[in-house]
Amino acid sequence: MPFGAVALLILVFLVVWLVRRTGSRPKTPIPLPDSDSIATILSTEIRFYQKLDADNQTAFRRRVIHFLQTTRITGVNTNVEETDRVMIGASAVIPIFRFPDWEYSNLNEVLLYPETFDEKFRQAGRGRSVLGMVGNGPMQYVMVLSQHALREGFRNKTDKNNTAIHEFVHLVDKTDGDVDGVPEELVSHKLAGPWIKMMHDQISEIRKGQSDINPYGATNQSEFLAVASEYFFERPELLKRKHPELYDMLEKIFLRPGTKKAPQA
Ligand SMILES: [Zn+2]
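Residues numbered from 1 in each chain as written. Predicted model: local features only at pLDDT ≥ 70, side-chain atom pairs only at ≥ 80, totals over all residues. Heavy atoms only, no water.

Moving on: helix α5 (residues 82–93). Over its 12 residues, α5 extends 17 Å from the first C-alpha to the last, a length consistent with the 16 Å expected when each residue adds 1.5 Å. By the criterion of burial, α5 is predominantly enclosed, with 11 of the 12 residues buried. Those residues of α5 lying buried are Thr83, Asp84, Arg85, Val86, Met87, Ile88, Gly89, Ala90, Ser91, Ala92 and Val93. (Helix = DSSP H or I, 4+ residues; strand = E, 2+ residues; numbered from the N terminus. Expected span 1.5 Å × (residues − 1). Buried < 20%, exposed > 50% of the residue type's maximum accessible area, 1.4 Å probe, protein only.)

See the structure below:
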């Protein structure tokens, strides 16, 4: 073959390899827990699912199965149990349940670490406080979660935290290219201005020590969206009582106009 053709062939192989490595979904379906055990885990562990009617429960189950078929979940120094997989699937579906065509195009794999880790994914040593993280650079398309935080997120019914939902809201936020607390596919153009103003007001309340919202939400707009969404999906009644305007706004963001029901965790 002439040199040009060889070079072209090598280039094509390289591009195909890179695309497969970084951007593609797995081609063969990933084996699932059986559907009875998915249904059992959803009905015992996931309050959002428990409160849906039968038709919506069927739709929710299908979305979880689709997510689990297309996203690898890998344990790092831990065993991934069926409950973990279903909890991760549920965390992915909850924020976008009212958007039937949503696909997480920016995620291929979830890595599950047993406990907290640090910014460099070290699992030992001091200063390990990270419970979850959406990767950048070489970790693009990867989410890292603490198994302990994942389970606590669904089992602790009195806090306002759910690490996995927090991380999936970051992915939703990231879909338009800017991690800025304004996911364009969910926040209409009309809503963007009032929502940004509301975020700033709420952040300054947190900074003054006058809010029950997790202070981490005052870090920036993106963290505010993620933290407020955890509260919204975990403790909707409490959020509605304490922050009715924020509740109404999040209802507009996570529910398309014309959808029937408010999500309730
Ligand atoms: Zn965050």
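Further notes follow.
This part is about the coordination of the zinc ion. For a metal with four tetrahedral donors the ideal donor-metal-donor angle is 109.5 degrees, whereas six octahedral donors ideally subtend 90 or 180 degrees. Around the zinc ion, the protein supplies His166 (NE2), His170 (NE2), Glu223 (OE) and Glu223 (OE) as donor atoms, at distances of 2.1 to 2.7 Å. Viewed at the metal, the four donor atoms of the zinc ion are separated by angles of 52 to 145°, and the geometry they form is irregular. Counting residues between consecutive donors of the zinc ion along the chain gives the motif H-x3-H-x52-E. Linking His170 in helix α7 (residues 163–174) with Glu223 in helix α9 (residues 221–234), this pair joins segments that are 53 residues apart in sequence. One exposure class covers both His170 and Glu223, and it is buried. (Donors = N, O, S within 2.8 Å, 3.2 Å for Na, K, Ca; no water. Tetrahedral: all angles 85-135°; square planar, octahedral: opposite > 155°, others 65-115°.)

A few words now on the confidence of the model for the protein chain. When the pLDDT values of the protein chain are averaged, the result is 85; 79% of them are 70 or greater. In the model of the protein chain, helix α1 (residues 3–22) stands out as the element of lowest mean pLDDT, 51, in contrast to α5, which has the highest, 97. In this model residues 15–24 is a low-confidence stretch, pLDDT under 50, and it forms eight contacts with partners more than four residues away in sequence or in other chains. (pLDDT = per-residue confidence, 0-100. Contact = heavy atoms within 4.5 Å.)

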